[in-house]
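Listed below are the residues making up each chain.
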Amino acid sequence: EMIPASMWRGKPLSFAPLPLRGFTVRSALSVIALRRPVMFRDLFAAGLRNREAIERAAIQVEHIDGPILLVSGGDDHVWPAAEMSEAIVARLKQRAFGHPVEHRNYPHAGHVLRYPYLPTTVRRSQNRHLRNARFSFGGNAPANAEAQSDSWSHTIAFLRSYL
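Residues numbered from 1 in each chain as written. Predicted model: local features only at pLDDT ≥ 70, side-chain atom pairs only at ≥ 80, totals over all residues. Heavy atoms only, no water.

Engineer: Help me understand the overall build of the protein chain, please; the structure alone is not making it clear to me.
Structural biologist: Looking only at helices and strands, the protein chain features 5 helices and 6 strands. Taken from the N to the C terminus, the helices and strands of the protein chain come in the order β-β-α-α-α-β-α-β-β-β-α. Burial status across the protein chain gives 29% buried among its 163 residues. Of all intrachain contacts in the protein chain linking residues separated by at least 6 positions in sequence, the fraction that spans at least 24 positions is 72%. Of the roughly 11400 Å² of accessible surface on the protein chain, 57% is carried by carbon and sulfur atoms. (Helix = DSSP H or I, 4+ residues; strand = E, 2+ residues; numbered from the N terminus. Buried < 20%, exposed > 50% of the residue type's maximum accessible area, 1.4 Å probe, protein only. Contact = heavy atoms within 4.5 Å. Areas by Shrake-Rupley, 256 points an atom, 1.4 Å probe, with all protein chains shown as cover.)

Engineer: What am I meant to see in the nonpolar core here?
Structural biologist: Among soluble globular proteins, nonpolar side chains are generally buried collectively. By size, the foremost hydrophobic cluster in this structure holds 6 residues: Val-61, Ile-68, Leu-70, Val-89, Leu-92 and Phe-97. For this core, the elements supplying multiple residues, two or more each, are strand E3 (68–73) and helix H4 (81–94). Ignoring any residue separated from it by four or fewer positions in sequence, one finds Leu-70 in contact with Ser-85, Ile-88, Val-89, Glu-102, His-103 and Arg-104. (Core = buried A, V, L, I, M, F, W, Y, C linked by side-chain atoms within 4.5 Å.)

Engineer: Explain the pattern of salt bridges here, please?
Structural biologist: Side-chain pairing between opposite charges can occur once the charged atoms of the two side chains come close. One pass over the full model with this rule turns up 6 salt bridges. Ionic pairing is found between Glu-62 and Arg-95, a salt bridge with its closest N-O pair at 3.4 Å. Pair noted here: Glu-62 is in the loop between helix H3 (51–57) and E3 and Arg-95 is in the loop between H4 and strand E4 (101–106), with a separation of 33 residues, a long-range link. Glu-62 sits in the buried class, given a relative accessible area of 19%. Exposure remark for Arg-95: the relative accessible area of 34% places this residue in the partly exposed category. Here Arg-104 makes a salt bridge to Glu-102, at a shortest N to O gap of 3.7 Å. Residue class for Glu-102 comes out partly exposed when judged on its relative accessible area of 25%. Overlapping salt bridges, with partners in common, bring together Glu-62, Arg-91 and Arg-95 in one network. (Salt bridge = Lys/Arg side-chain N within 4 Å of Asp/Glu carboxyl O.)

Engineer: Hey, could you run me through the side chain of Ser-136 in this one?
Structural biologist: Residue placement: Ser-136 occurs in strand E6 (residues 133–136). Residue class for Ser-136 comes out buried when judged on its relative accessible area of 8%. A distance of 2.6 Å separates the side chain of Ser-136 from the side chain of His-77, its partner in a polar contact. Separated by 3.5 Å, the side chain of Ser-136 and the backbone nitrogen of Gly-138 make a polar contact. (Polar contact = N/O pair within 3.5 Å; in protein donor to acceptor, adjacent residues only side chain to side chain.)

Engineer: Before we go on, may I ask you to explain the environment of Ala-145 in this structure?
Structural biologist: Mapping Ala-145 onto the fold places it in helix H5 (residues 141–162). Sequence separation of Ala-145 and Thr-121 is 24 residues, and the distance between their C-alpha atoms is 9.1 Å.

Engineer: Would you mind going over the pairing of E4 with me for this structure?
Structural biologist: The side chains of a regular strand alternate, residue by residue, between the two faces of the sheet. Across 6 bridges, E3 lies against E4 in parallel orientation. Paired with Gly-73 across the strands is Tyr-106, a residue of E4. Each parallel crossover has a hand, and for E3 linked through H4 to E4 it is right-handed. (Pairing = 2+ DSSP bridges. Right-handed = clockwise from strand over helix to strand, strands pointing away.)

Engineer: Help me understand the environment of Arg-51 in this model?
Structural biologist: Tracing the backbone through its elements, the reader meets Arg-51 in helix H3. Judged by relative accessible area, Arg-51 falls into the exposed class, the value being 64%. Put simply, Arg-51 and Ala-16 are 35 residues apart on the chain and 8.9 Å apart in space, counted from C-alpha to C-alpha.

Below you can see the structure in the form of structure tokens.
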């Protein structure tokens, strides 16, 4: 049984199911035999191919009453953040969204983008509950550092412009 990730007023929100079976087999081979970290990006990308489920589960971002800033890493190994952000931008354009929309994409940055001057050398994690499987976040240290610094200054400027 699929468990929804989000609830609204006690009811599950529509969601696109993820094709776990094939992913689990491929990941097990990669993790056990090749000693590679798990990259969830491919799982989410496969889920995004289910167009009917995606349309049913789409968040109606066009109802947001204000400017939108999206920040993504193009080498995100957790999910296809850049592609999902571009889908949001396209949806807003298609529906003639009346507020400014900005997508800051950093092609070589990974999933963990925080505020600047924090260490960027950790790009993997281990989960002791899953036999110490390693998970990859993607990116590289210099690209993540640059993205953190640049996105922070753009976020501050964005907020100053619209608040």
